[in-house]
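Residue-level listing of the chains:
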Amino acid sequence: MLYLICLLCLVDISDAVVDLTMTSNGATSAHNFRLSCISGERDADGIQLSIKKDNSIVRRVDPPFFTVERPQALEVVAFGFTGFDHSGIFYCHSKRGTDQLGNVTLINNFSRGHFRPVRVSLTASKGDTVHLTMDVLGTDRRDIAWKFNGNYYYMTPIADVQNRTAVLDLENIDENYAGIYSASYVGDSALYSALMHLIVRECPKNKWGSDCDKDCPECLNGGICHDKHGDCVCPPGFMGVRCETACREGMFGRNCQESCKSVSGCQGLSFCLTDPYGCSCASGWYGDRCRKPCPEGMYGADCLLSCNCKNKGKCNRFSGCQCPTGWRGQHCEKSDRAPEILDMASNLEGNLNSSHKITCSATGHPLPSHMSIELRKLESTVLKASHTTMDSKKSTAQFEIPHLSAEHNGVWECRVSTNGGQDSRKFTLTVREPPYPTTTPKLLMRSSKQLVVKPMDTYAGDGPIISTKLLYKPMDTGDSWSSIIVDSKDPITLMNLKPSTRYHVRVQLTRPGDGGEGPLGPETIIETDCPEPTARPEIDSSSVEGRNTTIRWSLIDGSHEATGFLVQLFGPHGEKLWEETTLLNVLSIKLYNLEYHRDYQVVVLLVNCGSRGPPSKPHHIHIYKQGNRNLASPSSPRNVQADAVSISVVRLRWQPPEDPNGGIVKYSIEYQPVGKGSLHPWVDTDDGNKTTKDVTSLNGSTLYQFRVRAFSKVPGEWSKFVQARTPRDGFSSFTPTTQQVGRPMAEDHQLLWAVVGSVAVTCVTILLALLALFYIRKSVLKRRRTFTYQSGSGEETILQFNSGTLTLTRRPKPSPEALTYPILEWEDIKFEDVIGEGNFGQVIKAMVKKDGSKMSAAIKMLKEFASENDHRDFAGELEVLCKLGQHPNIINLIGACENRASLIHRLPIHCH
């Protein structure tokens, strides 16, 4: 008689069941008895199989003897038994290294024993009531002793034995009841006892998990739910997630891949699987030695299942009901419907070298099982599903391609086959190459703590690019890579960097999908700038010369780290018009060709290499209309008013000119009695911001006229005359006049004739003087020429120019002093720009022609509004220069000119 033991192991490290089979021919003689242990695992690396006998329950003096061989890698065979060594308990162990993968327990009872178990193994769940049943083969009238794992457990009186069957009842069992039970007559040898294996699931019926809180699947065709994994352990001859698929006759294993290798199929073989299944005959057989075919209407392992076929289904003892077309189910109770694939895209993409997953869902009656859905690449690869989920409406199979390559490009097909029919759906799989830069990152802008980088110019591979990662780390520090990720190819700003530090920089691109990250692009090295200066310059002043402006600034804190200054010019709307960098020791700059009547702003800031410090406060510039000699003169003051405040004081008020042209430094007021030809005295204000002035020392009961003009670098335009009459002695009332107030007709006529007469006399006098000077210059070139100025102080200063001789006489000195100087002609002087200004004169840069050669010189001229003291000081300066003579370390006098009494100095020239 033959026995076959099959072990199916479930391991925690995988969702798959370890496929292990142990076979025995079950012969009654020791010489013919044979055991075989086979593993059907695909991943067979390191798996070791062994067969051992348990000698602890049925004890013998001599250890058992048998031979073990390995005919193939995953099979081990035991044979060569002698005596009673083939009876007892055997184990098949499966290991990988030190890890125990699974065990199978097989019991082979002595063929001439007094008892025989109805089932050699029995599986129950926690909390069940179990009846262990033994057929009594002996004829003795002795009591029956039950043992548990070799120890006495219970006594059944012979009188309680009915129908030659002994029963041991166990109630509310748990895992402590699991083990080997035996029955024998009291006093008999253990050899004649019968052994059976009780397997107890640690969870209640239809529950599994560490807390037994999960529901078991519906295991069909005699499958048993594993209490640790929740999988259905299928009987030999069935497969599938729920043991729903029958193997062909004579096949077994997890995927029905093993064959019984016998002409009679699996007849006479007993199969034992890992707990909690235990042992049974193959599907279609039953009996003590598994030699009897199933009775009519019964099928499955040990023929324990009833077909009960409906709708003209026919019972097959190996697979159960065979249903006619249009019907399905375990009893042919359900109608079939052809499967239909649901919602599958016609075009799919995957990234090269990535792991790609594809799902295919289908409905139908019956629902497609795990093995019913497959992927096919036309005329090529066939993929089986790695995982299938089923609900009440559809089955979804998931397929995985571990390593996408160009060979996977092309047309694929999902195919579904069930008893109800077939369906298929084609789709195109395109394998994309992840993008990567072909150029290094480029620096766009840098500062001490930031780098603005353009990630790349070009890239290879397939788009679209959904993210750009810029990786960077400092050189020579051992720091790990940092990264910043953006969603475009726009410039990226790296912040919080270290000043004056070189960084490795490279880029990684990503396209959509798993594995879309491309390889890292080429690397470049970029250095941050010097530390930023902290000092803030202050703009001290500015000066306007025509359309040119000179800006001057300073630094309050002298300790700073910088390489120079940056000067920036902005327009009226904040737009940058110009900028220039100067050396650190340069504290001024000249802005050329600015536009009139336009607002400008200037800021100055420190720079250190390319880093910039905080800017100064903006300095505002506005240039008004152009005056004579490219010098801007102010327009006339506005709304001039004159009010008599006493018999000798008149108060003047006005508004600043509309065009100040460079800034007002002071105002000058000219006044005189109306209708009198006396001199025009004047008074000045203290500064350019003052727009009121009291004119004092006036005569009472007198009508005066006043006019005002502003001064910037040059005098501005006079305002119109306004009049005011001082009251007579004893009166405080007065009548103010303005530019808009009228006068009596007779008084206007008198004033008009006085002005016309005065102007006419002045013009005639000037014309006669010019004619006389022209005549004298033409007739006697070397004749004595004299300029006399009558001071108002009572002391007469006489300046006499005579062929290079200056005679300066101050009375009441007793004798004059004669000084020699060179004479220059006014026509030999070409004026350029104003380069300086003093209390009573201006210094103008000019080119002077002397003795046939040209030279650069500084021309000092009296201002047009110079006072008597200014004239006297100007003459004194000329006297000093005449007496000093020529010296290499001081300013030298080139000559003097009668026209406007100018002094001409040579400009020093320094060669560097």
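Rules used throughout
Residues numbered from 1 in each chain as written. Predicted model: local features only at pLDDT ≥ 70, side-chain atom pairs only at ≥ 80, totals over all residues. Heavy atoms only, no water. Buried < 20%, exposed > 50% of the residue type's maximum accessible area, 1.4 Å probe, protein only. Helix = DSSP H or I, 4+ residues; strand = E, 2+ residues; numbered from the N terminus. Pairing = 2+ DSSP bridges. Disulfide = S-S within 2.5 Å. Salt bridge = Lys/Arg side-chain N within 4 Å of Asp/Glu carboxyl O. Contact = heavy atoms within 4.5 Å. Axes fitted to C-alpha atoms, helices over the stretch in contact; angles between N-to-C directions. Patch = residues over 30% accessible without salt bridge, like charges linked within 9 Å, V, L, I, M, F, W, Y side chains within 5 Å. Areas by Shrake-Rupley, 256 points an atom, 1.4 Å probe, with all protein chains shown as cover.

Novice: Lay out the pairing of strand β25 (residues 270–273) with the relevant residues and their values.
Specialist: Here β25 shows a buried face lined by S270 and C272 and a second buried face lined by F271 and L273. Where β25 and strand β26 (residues 278–281) come together, four bridges link them in antiparallel fashion. Bridging across to β26, L273 finds its partner in G278. As consecutive antiparallel partners, β25 and β26 are separated by four residues.

Novice: Summarise the state of the cysteines; cite the residues concerned and give the values.
Specialist: Per the stated rule, a full pass over the model turns up 15 disulfides. The partner cysteine of C203 in its disulfide is C212, sulfur to sulfur 2.0 Å. What sets the handedness of the C203 and C212 disulfide is the S-S torsion sign, and at about -80° it is left-handed. Its relative accessible area of 1% is what places C203 among the buried residues. Between the sulfur of C272 and that of C279 lies a disulfide, 1.7 Å long from S to S. Residues C272 and C279 are joined through a disulfide that is right-handed, its torsion about the S-S bond being 110°. As far as burial versus exposure is concerned, C272 and C279 are alike and both buried.

Novice: Can you lay out the pattern of salt bridges for me, pointing to particular residues and giving the numbers?
Specialist: Summed over all chains, the structure comprises 25 salt bridges. Between R651 and D694 there is a salt bridge, with its nearest N and O atoms 2.8 Å apart. Highlighted residues: R651 in strand β62 (residues 650–655) and D694 in strand β65 (residues 692–695), separated in sequence by 43 residues. Accessibility expressed as a relative area gives 30% for R651, which makes it partly exposed.

Novice: Talk me through the environment of K334; I want residue IDs and the actual numbers.
Specialist: Positionally, K334 belongs in strand β34 (residues 334–335). Between the alpha carbons of K334 and K310 there is a distance of 9.5 Å; along the sequence they are 24 residues apart. Setting aside residues no more than four positions away along its own chain, K334 makes contact with G326, W327 and R328.

Novice: Give me the lowdown on the side chain of D227, citing residues and values where you can.
Specialist: For D227, the location among the structural elements is in the loop between β19 (224–225) and β20 (232–233). With residues up to four places along the chain from it excluded, the contact list for D227 reads R201, E202, C203, W208 and G209.

Novice: So what about the sheet that holds strand β53 (residues 538–545)? Which residues, and what values?
Specialist: The strand order β53-β54-β57 describes an open sheet built from three strands, whose pairing is antiparallel. Edge positions in the sheet fall to β53 and β57 (588–591), since each has one partner strand and no second. Geometrically, the sheet is characterised by an average inter-axis angle of 20° between neighbouring strands, direction not taken into account.

Novice: Report on the environment of F238, specifying residues and quantitative values.
Specialist: Counting through the fold element by element, F238 comes out in strand β21 (residues 238–239). Judged by relative accessible area, F238 falls into the buried class, the value being 1%. Between the C-alpha atom of F238 and that of R254, which follows or precedes it by 16 residues, the distance is 7.9 Å. For F238, the residues in contact, after removing those within four places along its chain, are N221, C243, T245, A246, C247, G253, S283, Y299, G300, F318 and S319.

Novice: Which residues make up a nonpolar patch on the surface, and what values go with them?
Specialist: Where nonpolar side chains cluster on the molecular surface, the patch consists of V764, L767, L768 and L771 and spans about 400 Å² of accessible area. Positionally, L767 belongs in helix α1 (residues 745–779).

Novice: Residue-level account of unusual backbone geometry, with values.
Specialist: Following D275, the chain continues to P276 via a peptide bond in cis, the omega torsion being 20°. Here P276 is to be found in the loop between β25 and β26. Between G463 and the following residue, P464, the backbone shows a cis peptide bond with an omega angle of 0°. Inspection of the secondary structure assignment puts P464 in the loop between β47 (459–460) and β48 (467–474). Phi at D343 is positive, roughly 40°, even though this residue is not glycine. Of note, D343 is situated in the loop between β35 (337–342) and β36 (347–351). A relative accessible area of 79% means that D343 is categorised as exposed.

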